[in-house]
Amino acid sequence: MKIFRGLLVDRKNQLILDEIQNRGTVDHAPVYPREVVRRGLEVSAAAMILVHNHPSGDPTPSRADIDMTRQIVLAARALGVEVHDHLIVGREGVASFKALGLM
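Treat the numbers as computed from the prediction; the structure is a model and nothing was measured. (Residues numbered from 1 in each chain as written. Predicted model: local features only at pLDDT ≥ 70, side-chain atom pairs only at ≥ 80, totals over all residues. Heavy atoms only, no water.)

### Observations concerning the pairing of strand β4 (residues 82-90)
Moving on, step 1. In this structure, strand β3 (residues 47-53) lies alongside β4, joined through seven bridges in parallel fashion. Paired with L50 across the bridge in β4 is H86.
Moving on, step 2. Taken together, β3, helix α2 (residues 63-78) and β4 constitute a β-α-β crossover, and its handedness is right-handed.
Moving on, step 3. Relative to strand β5 (residues 93-96), β4 runs antiparallel, the two sharing four bridges. Looking at β5, one finds that V89 is bridged to V94.
Moving on, step 4. Connecting β4 to the next strand, β5, in antiparallel fashion are two residues. (Pairing = 2+ DSSP bridges. Helix = DSSP H or I, 4+ residues; strand = E, 2+ residues; numbered from the N terminus. Right-handed = clockwise from strand over helix to strand, strands pointing away.)

So, in C-alpha cells, the structure goes:
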C-alpha cells in the first residue's frame, strides 16, 4: 500500500507534526497539493518534508511524483512555506528529490 506522509517543521526545523496525509493502493495514493499545503498552514509550519513509499521497492520517482511535487512546491512557496525535500522510500533505498536535482 502506498502511503504519503508530511513532516511539518518550525523555523528551527523542529518537528511539529508527522502525519499520514493519504493512503492509497499498491501503485497510487491520491495527493492534493492544496490539502498538503493547507495542513502546513494549519499547524503554522515554516517548512515541510514530503515522504512516500513505493511498494514495488524501486524508489525512482515517477513522472506523476515529479509533477505532484512541483505543484506542492509552487503552492507552498506562494504561501511562505518551504518544501525541504521529497523522499521516496523503497526496499532498494531512498530517493531524495533534492539530491536528484528535481527541486
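There's more to say after this.
### Describing the environment of G24
Moving on, step 1. Along the chain, G24 falls in the loop between β2 (15-23) and α1 (33-42).
Moving on, step 2. For the pair G24 and G101, spaced 77 residues apart in sequence, the C-alpha separation works out to 27 Å.
Moving on, step 3. The contacts of G24, once residues within four sequence positions are left out, are M1, K2, A29 and P30. (Contact = heavy atoms within 4.5 Å.)

### Details of the pattern of salt bridges
Moving on, step 1. If you walk through the whole model with that rule in mind, you get seven salt bridges.
Moving on, step 2. The closest approach of N and O atoms between D18 and R5, which form a salt bridge, is 2.9 Å. Taken together, the residues span a long stretch of sequence, with D18 in strand β2 and R5 in strand β1 (residues 3-9) at a distance of 13 residues.
Moving on, step 3. Overall, the relative accessible area of 27% leaves R5 in the partly exposed class.
Moving on, step 4. Between R38 and E35 there is a salt bridge whose closest N-O contact spans 2.6 Å. Of this pair, R38 and E35 are both found in helix α1, three residues apart, which corresponds to roughly one turn of the helix.
Moving on, step 5. Taking the relative accessible area as the measure of exposure, E35 reaches 31% and is therefore partly exposed.
Moving on, step 6. One network of salt bridges, with partners in common, ties together E19, R34, E35, R38, R39 and E42. (Salt bridge = Lys/Arg side-chain N within 4 Å of Asp/Glu carboxyl O. Buried < 20%, exposed > 50% of the residue type's maximum accessible area, 1.4 Å probe, protein only.)

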